[in-house]
Amino acid sequence: FIACKVVTLILAALSSQITPWNDSVRLIFTQDPSTSTVDAVLRRWLSPLASWDGAYFLDLAIHGYRWEQQHAFQPLLPLLIRWTAKAVALTGISFSTACLVAGVLWSMLGHALAVQTLHRLSRLILADEQQAFLAAAFYTHNPASAYLAG
């Protein structure tokens, strides 16, 4: 699982350098310009993982509810990101970058729990450890892993 996450993270980051993904997350960082080299590197490599709905969750964690469309997103994940980011920010990176790191960590934890749950459920239903392992492995190593990586 961890190897898949590392490979997916590297591929997502490298592909975003060639062809930018959804750039909506960059709008969040324009309000908090980075002065640290560590901030700039983390933002450059982790931003692709905060596209689509991730940009909304990241903005909610940093700024709270500001726009009407943000009310479609429940508050638990942004709160978890915000609380975790306060600890991550103690390392010296900016709060918005800490939120990005915390969001990726929570996303990876959620994906790990989903893989574990799928494996347990498959073992119960299929009564075959090898098939349960394959089900979890195929779920972990699929093209949509880029969206579940962060």
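Residues numbered from 1 in each chain as written. Predicted model: local features only at pLDDT ≥ 70, side-chain atom pairs only at ≥ 80, totals over all residues. Heavy atoms only, no water.

K.L.:
I tried to follow the nonpolar core on my own but got confused; where do I start?
P.N.:
Soluble globular proteins tend to bury their nonpolar side chains together. Ranked by size, the top nonpolar core spans 18 residues in total, and within it Leu46, Leu58 and Cys99 carry the most contacts. Those elements that place two or more of their residues in this core are α4 (53-63), α5 (76-88) and α6 (95-126). When residues in this core are grouped by element, the largest group, seven residues, is from α6. Excluding anything up to four places from it in sequence, Leu46 contacts Leu9, Leu100, Val101 and Val104. (Core = buried A, V, L, I, M, F, W, Y, C linked by side-chain atoms within 4.5 Å. Buried < 20%, exposed > 50% of the residue type's maximum accessible area, 1.4 Å probe, protein only. Helix = DSSP H or I, 4+ residues; strand = E, 2+ residues; numbered from the N terminus. Contact = heavy atoms within 4.5 Å.)

K.L.:
Is there a simple way to think about helix α3 (residues 37-46) in this case?
P.N.:
One turn of the α-helix equals 3.6 residues, which is why residues spaced by three or four share an orientation. All of the buried residues along α3 are Asp39, Arg43 and Leu46. Buried residues in α3, looked at end-on, bunch into an arc of 90°, giving them a common side. Every exposed residue of α3 that faces more than 90 degrees away from the buried side is listed here: Thr37 and Arg44. Capping of α3 at its N-terminal end is provided by Ser36; its side-chain oxygen lies 3.1 Å from the backbone amide nitrogen of Val38. (Arc of directions from axis to C-beta. Polar contact = N/O pair within 3.5 Å; in protein donor to acceptor, adjacent residues only side chain to side chain.)

K.L.:
Please explain the side chain of Ser122 as it appears in this structure.
P.N.:
Position of Ser122 relative to the elements: it lies in helix α6. Apart from the residues lying within four places of it in its own chain, the contact partners of Ser122 are Ala127, Ala132 and Ala135.

K.L.:
Is there a simple way to think about the environment of Ala98 in this case?
P.N.:
Position of Ala98 relative to the elements: it lies in helix α6. For Ala98, a relative accessible area of 0% gives the class buried. For Ala98 and Ala87, which are 11 residues apart along the polypeptide, the C-alpha to C-alpha distance reads 8.3 Å. Setting aside residues up to four positions removed in sequence, Ala98 forms contacts with Ala85, Val88, Ala89 and Ile93.

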